[in-house]
Amino acid sequence: MFYALEGKITDKKNGFVVMNISGIHFTIIVSLLTYFNLKLGEKVKLFVELIASETGFRLYGFLNEEEKYLFNELRKISKIGAKTAISILSKFSPQEFKHIIANKKVEQLISVPGIGKKTASAIIFELSDKVLETDEKLIELLDVLTNSLGFSKDQVLPVLDKIYRQNPNLDTAELIKICLKNLRQ
């Protein structure tokens, strides 16, 4: 029904944003990665998914189509609903999640609340053929910034994702310099 919405972010609360589109204010549930990349008053385009349930309609929004694709692929798995899918995408960036799937890292998926070993194994089994590509450079950058330089993953992921999407062809050292400059501001 909806593919994307474009409007101004008028409010940010725990786990959702409010977007004004021609005077209509939509509540849109977002992952933490998307949440931290949005600024109040900023005009943005969010790729959205409308989900109907017994309790009503909910809009889920994503900064890019890749995150929306992963959200929908996760929801196809038994015992994974929208809430769990958004929790997974809040904990891991799309690139990091694809790396986890490609390398069958069950223990990392178990760290998401509500995901046990059986469900984590099912996620890896179901998505392994759909998430073949991984970006080792991004995983390396995340590792350097968190493990070597001591930044938290919550600090690094929004900055790293944005900078990496804008400059995917820069070498690792340049990307680290840009990330450090942004993290220290």
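One can find the structure itself at the top, above this paragraph.
A. Fine view of the pairing of strand β3 (residues 24–30). Across 6 bridges, strand β2 (residues 16–21) lies against β3 in antiparallel orientation. Its bridge partner being in β3, Ile21 is matched across the sheet by Ile24. In this antiparallel pair of consecutive strands, β2 and β3, the connection spans 2 residues, and Ser22 shows a positive phi of 50 degrees. In this structure, β3 lies alongside strand β5 (residues 56–62), joined through 3 bridges in parallel fashion. Paired with Ile28 across the bridge in β5 is Leu59.

B. Examining unusual backbone geometry more closely. Residue Ser22 is not a glycine yet carries a positive backbone phi of 50 degrees. Along the chain, Ser22 falls in the loop between β2 and β3. On the accessibility criterion, Ser22 (76% relative accessible area) is exposed. Even without being glycine, Lys79 reaches a positive phi, approximately 75 degrees. Its location among the elements puts Lys79 in the loop between α2 (65–75) and α3 (82–91). Classification of Lys79 as exposed rests on a relative accessible area of 74%.

C. Broad picture of the environment of Lys43. Checked against the element boundaries, Lys43 lands in strand β4 (residues 43–53). By relative accessible area, Lys43 is classed as exposed at 61%. Separated by 53 residues in sequence, Lys43 and Glu96 place their C-alpha atoms 27 Å apart. Sequence-distant contacts of Lys43, that is, excluding residues within four places in its chain, are made with Glu6, Gly7 and Lys8.

D. Up close: the packing of α2 against helix α4 (residues 94–102). Their axes nearest at 10 Å, the elements α2 and α4 cross at an angle of 45 degrees. Between α2 and α4, the angle is such that the two are oblique. Residues Glu66, Glu67, Leu70 and Leu74 of α2 form the contact with α4, whose participating residues are Pro94, Gln95, Phe97 and Lys98. Grouping the amino acids of the contact of α2 with α4 by side-chain chemistry returns 4 nonpolar, 1 polar and 3 charged.

E. Focus on α2. Of the residues making up α2, those classed as buried are Glu67, Lys68, Leu70, Phe71, Asn72, Glu73 and Leu74. On its buried face, α2 sits against α1 (32–37), β4, β5, α3, α4 and α6 (117–127).

F. Inspection of the layout of surface pockets at higher detail. Looking at the largest pocket, its volume works out to about 390 Å³. Contributing to the lining of the largest pocket are 19 residues, with Leu32, Lys83, Ile86, Ser87 and Ser90 lying nearest its centre. Sorting the residues of the lining of the largest pocket by element identifies β3, β5, α3 and α8 (153–166) as the ones contributing at least two each.

Cut-offs applied
- Counting restarts for each chain: residues are numbered from 1 in the order of the written sequence.
- Local features in a predicted model are, by the rule used here, given only for residues with pLDDT of at least 70; side-chain atom pairs are given and counted only at 80 or more, and totals for whole chains, interfaces and linings are based on all residues.
- Working from all heavy atoms in the structure, the side-chain values ignore hydrogens and water.
- In this scheme, strands are said to pair when DSSP sees at least two bridges between them.
- Going along the chain from the N terminus, every DSSP run of H or I of four or more residues is numbered as a helix, and every run of E of two or more is numbered as a strand.
- The rule is simple: take the accessible area with a 1.4 Å probe, protein chains only, and divide by the maximum for that residue type; under 20% is buried, over 50% is exposed, in between is partly exposed.
- Note on contacts: a residue pair qualifies if any of its non-hydrogen atoms lie within 4.5 Å across the two residues.
- To obtain each axis, a line is fitted to C-alpha atoms, and for helices this fit is confined to the stretch in contact; angles are then taken between N-to-C directions over 0 to 180 degrees.
- Each angle receives one of four descriptions, namely roughly parallel if under 35 degrees, roughly antiparallel if over 145, roughly perpendicular if within 65 to 115, and oblique otherwise.
- Following the grouping adopted for this structure description, the nonpolar residues are Ala, Val, Leu, Ile, Met, Phe, Trp, Tyr, Cys and Pro, the charged ones are Asp, Glu, Lys and Arg, and the polar ones are all others, Gly among them.
- Both site types are read off a 1 Å grid over the protein atoms alone. A 1.4 Å probe that fits but cannot get out defines a cavity, while an open set with protein on both sides within 12 Å along at least five of seven lines defines a pocket; lining residues have an atom within 4 Å of a point.
- Grid points are joined across faces, edges and corners, and a volume is the space filled by probe spheres set on the points.

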